[in-house]
Amino acid sequence: MSLNASATVEFGVIALMGSSAGTGDAAAAAAIAKAVLDPAPRAKIPDEKSNLGNIVSNAADGRALTDDEAAEVSQFLEQHLTCIVNLFRAELEHLENGTYKFPYDLNPATAPTEQWNPAQVLAIASDTLSDQAKVADRRNAKRGQELLDTFGPDPTRYPAYYLQNFHYQTDGWLSADSARLYDFQVETLFLGSADTMRRQALPFISRWMAGRDASDTKVLDVASGTGRFLTFVRDNWPELDCTAVELSPHYLDAVRKSNERFEDVATYPRAGPLKLVEANCEKMPFDDASFDAVTNVYLFHEMPKEARRNAAREFARVLKPGGKLFFVDSAQVGDGKALGMERAFDQALKRFPQFNHEPYYRDYSLTNLEELFGEFGLVLEESTVAWVSKAWCFTKRETPSKDVEEVEPVIVEAPDLSGAGAAR
C-alpha cells in the first residue's frame, strides 16, 4: 500500500469508526501509518477477539495507541481494502459477462466533464475541502440539527426527522450546494467505490429485464438523490418509462441535470420519458399497482422506524402484483460475516452514526428488512453484500400469503326462538 493510499484509508476508517477530529486523530493516524508500513509480519488477530471499538474510543479520547492496537487497526484497514478490491473484481466479472454495460462515467468519451476536466475537478475538490472545515466544526460542536433554525417541521412538507444535517453536511438536503457536492463527497468517503456498490443491484435488474419490453416497463426511483443510480439504470435500458420522486427540490433539480444526457438523440435514439415528482415517499401521489419496479438507494438508514414502515407500505402499494423492488442501503449488523470480519464490522457500524450524525442508523442496522417488507407482501428473492452496502431484490406477491389460513365458511341454522318469550 502506498503512503498516500494508507493516509486516505486511515482517514476513512477514522471516519467510519467514529473518532472526533483533533490531536488524537493525528496521533492515531501516525501510529496506524507506522503499523501499515511496518514490513515485519504480524499474527492475524481473530475476528472474535477484535477490540476495535474500544481502541478507537480510546483514540477519540486522546489516548495514545499501543503498537498492538495500531496493528489491529492496520489489519482492519487491510481487510477493508481487500473488500474494495473484491468489489471491483465482482463488477469487472459482471462487465465481462455482459450483465450490464461498462459505466458511462468511466469512459472519457461519455463521462460528464466535471469528472475529468481538470479545472472542474479542482474546483469541486477545493469546494469540498472548504466545506469539510465547516463539517468538522459542526461535528465537534455536535450541531446536527441546524436546519431547525431555518425550517419548521411540517409533516405535510418536511418531517422533523428529515431536517437533520446528516453527515454534519452543510444545509442537510436543502440547498443547491449540498446537491452539487454530494456525489464527490460520497465517493471520497467510500474511497471511490460508492457507484460500484450502487451498481450491485444492476445484476438483479438485468435478470428481471431479460425478455421484457423496456418501453412497456414503468420504473419508479424513490428518493432519487442526485439521480446517480437512475442514470446507470437508464444507460442500460434507455427505453424505460421512468419516474423519479425526491423530497428536496434542490436534489430533484440535480436529478434533472444528471439525466440530461438522455436527451441526446444521437446516443439514446429511443430514450423513454422521465417524470420528476417532488414528494415524500411516505405518501406518494401515485395510483395503486401503477409501477412494474421500484428502485431505492441509501434511504432507510436515515429514517426512523415508523417512517420506514410507511415507506415500505408505499413501495408495496404502488407496485403491480409480481413487480420488483430493487433496494440498496448500508450493510447491517451480521453482514460482516460474509466478509470474514463480523465482530470488527459490527463495531464499526455501532460507531459510524456517532461520527456522522446518523440518528436512525443504529436502529436501521438491527432491522430485519425481510420481515419489514414481508409484512406488506414483498418477498425477498436474493441479496448480496457489497463492502459496506447491501443490495436486495424483493417481489410483490401475486396472491395472498400462504401464511394466512383460508377458513371455509360454516353455515349454522338459526335456532327456533318461537317459545323463547314463554320461558322468561
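Residues numbered from 1 in each chain as written. Predicted model: local features only at pLDDT ≥ 70, side-chain atom pairs only at ≥ 80, totals over all residues. Heavy atoms only, no water.

Attention now moves to the overall build of the protein chain. Counting secondary structure elements, the protein chain contains 14 helices and seven strands. For the protein chain, buried positions account for 51% of its 424 residues. Within the protein chain, contacts between residues separated by at least 24 positions form 75% of all contacts whose residues are at least 6 apart in sequence. With an accessible surface of roughly 20700 Å², the protein chain has 53% of that area assigned to carbon and sulfur atoms. (Helix = DSSP H or I, 4+ residues; strand = E, 2+ residues; numbered from the N terminus. Buried < 20%, exposed > 50% of the residue type's maximum accessible area, 1.4 Å probe, protein only. Contact = heavy atoms within 4.5 Å. Areas by Shrake-Rupley, 256 points an atom, 1.4 Å probe, with all protein chains shown as cover.)

As enumerated under the stated definition, the model contains 21 aromatic pairs in all. Pairing Phe262 with Tyr268 gives two aromatic rings, centres 4.6 Å apart and planes at 50 degrees, and the pair type is tilted. For Tyr268, a relative accessible area of 6% translates into the label buried. When the centroid spacing of 6.3 Å and the interplanar angle of 55 degrees are considered together, the rings of Tyr361 and Tyr364 count as tilted. Here the residue Tyr361 and the residue Tyr364 both occupy positions in helix α13 (residues 361-365), the gap between them amounting to three residues, near one helical turn. Judged on exposure class, the residue Tyr361 and its partner Tyr364 are both buried. Across from the ring centre of Phe355, 3.8 Å away, lies the NZ or CZ of Arg139, which sits over that ring. Between Arg199 and the ring centre of Phe232, over which it is positioned, the NZ or CZ distance is 4.7 Å. (Phe/Tyr/Trp six-rings, centres within 6.5 Å; stacked < 30°, edge-to-face > 60°. Lys NZ or Arg CZ within 6 Å of the ring centre and 35° of its normal.)

Another point: helix α11 (residues 305-318). Taking 1.5 Å per residue, 14 residues should reach 20 Å; α11 reaches 20 Å between its end C-alpha atoms and fits that length. With 10 of its 14 residues buried, α11 lies for the most part within the structure. Of the residues making up α11, those classed as buried are Ala307, Arg308, Arg309, Asn310, Ala311, Ala312, Glu314, Phe315, Ala316 and Val318. (Expected span 1.5 Å × (residues − 1).)

Our next topic: the sheet that holds strand β5 (residues 319-330). The strand order across the open sheet formed by seven strands is β3-β2-β1-β4-β5-β7-β6, and the pairing between neighbours is mixed. Only two strands of the sheet have a single partner each, and these edge strands are β3 (274-278) and β6 (378-386). Between one strand axis and the next, the sheet turns through 15 degrees on average, direction left out of account. Here six bridges tie strand β4 (residues 291-297) to β5, and the two strands are oriented parallel to one another. In the sheet register, Asn296 faces β5, and the bridge partner there is Phe327. Seen against the sheet, α11 touches β1 (218-222), β4, β5, β6 and β7 (389-396) and runs at an angle of roughly 145 degrees to β5. (Pairing = 2+ DSSP bridges. Axes fitted to C-alpha atoms, helices over the stretch in contact; angles between N-to-C directions.)

For the structure shown, the criterion picks out 26 salt bridges. Residue Asp195 is joined to Arg228 by a salt bridge in which the shortest nitrogen-to-oxygen separation is 2.7 Å. Taken together, the residues Asp195 in helix α7 (residues 194-198) and Arg228 in helix α9 (residues 228-236) connect sequence positions 33 residues apart. We note that Asp195, like Arg228, is buried. Two residues, Lys257 and Asp253, come together in a salt bridge whose shortest N-O distance is 3.4 Å. Taken together, the residues Lys257 and Asp253, both in helix α10 (residues 249-258) and four residues apart, mark about one turn of the helix. (Salt bridge = Lys/Arg side-chain N within 4 Å of Asp/Glu carboxyl O.)

Moving on to helix α5 (residues 118-140). With 23 residues, α5 should reach 33 Å at 1.5 Å per residue; the first-to-last C-alpha distance of 33 Å fits that figure. Of the positions making up α5, those classed as buried are Ile124, Thr128, Asp131, Val135, Ala136, Arg138 and Arg139. Taken together, the buried residues of α5 touch α6 (176-189) and α12 (342-356). Backbone nitrogen of Ala119 and a side-chain oxygen of the N-cap are separated by 3.0 Å at the start of α5; the cap is Asn117. (Polar contact = N/O pair within 3.5 Å; in protein donor to acceptor, adjacent residues only side chain to side chain.)

Side chains of a nonpolar character, in soluble globular proteins, are inclined to be buried together. One finds Leu220, Met284, Phe300, Phe315, Leu325 and Phe373 to be the most contacted residues of the largest nonpolar core, which totals 89 residues. In terms of residue count, α11 provides more of this core than any other element does, six residues in total. In contact with Phe315, not counting residues within four places along its chain, are Val222, Met284, Val294, Asn296, Phe300, Leu325, Phe373 and Leu378. (Core = buried A, V, L, I, M, F, W, Y, C linked by side-chain atoms within 4.5 Å.)

What follows covers the confidence of the model for the protein chain. Looking at the protein chain, pLDDT values average 84 and 79% of them are 70 or higher. The model gives residues 1-24 a pLDDT under 50, and that stretch makes 50 contacts with residues more than four places away or in other chains. Counting contacts from residues 403-407, a segment whose pLDDT is below 50, to residues more than four positions away or on other chains yields zero contacts. (pLDDT = per-residue confidence, 0-100.)

A separate point is the side chain of Arg139. In this fold, Arg139 is placed in helix α5. When its relative accessible area of 10% is taken as the criterion, Arg139 is described as buried. A polar contact is formed between the side chain of Arg139 and the backbone oxygen of Phe355, at a distance of 2.8 Å. Not counting chain neighbours up to four residues away, the residues in contact with Arg139 comprise His167, Tyr168, Phe355 and Asn356.

When you tally the buried positions in strand β2 (residues 241-246), you get six out of six residues, the bulk of the element. Taking every second residue as pointing to the same face, both faces of β2 are buried, with Asp241, Thr243 and Val245 on one and Cys242, Ala244 and Glu246 on the other. Of the strand pairs in this sheet, β1 and β2 are connected by five bridges, and their pairing is parallel. Paired with Val222 across the bridge in β2 is Val245. For the segment spanning β1, α9 and β2, crossover handedness is right-handed. Taken together, the five bridges between β2 and β3 define a ladder with parallel strand orientation. Directly across from Cys242, in β3, lies its bridge partner Leu274. (Right-handed = clockwise from strand over helix to strand, strands pointing away.)

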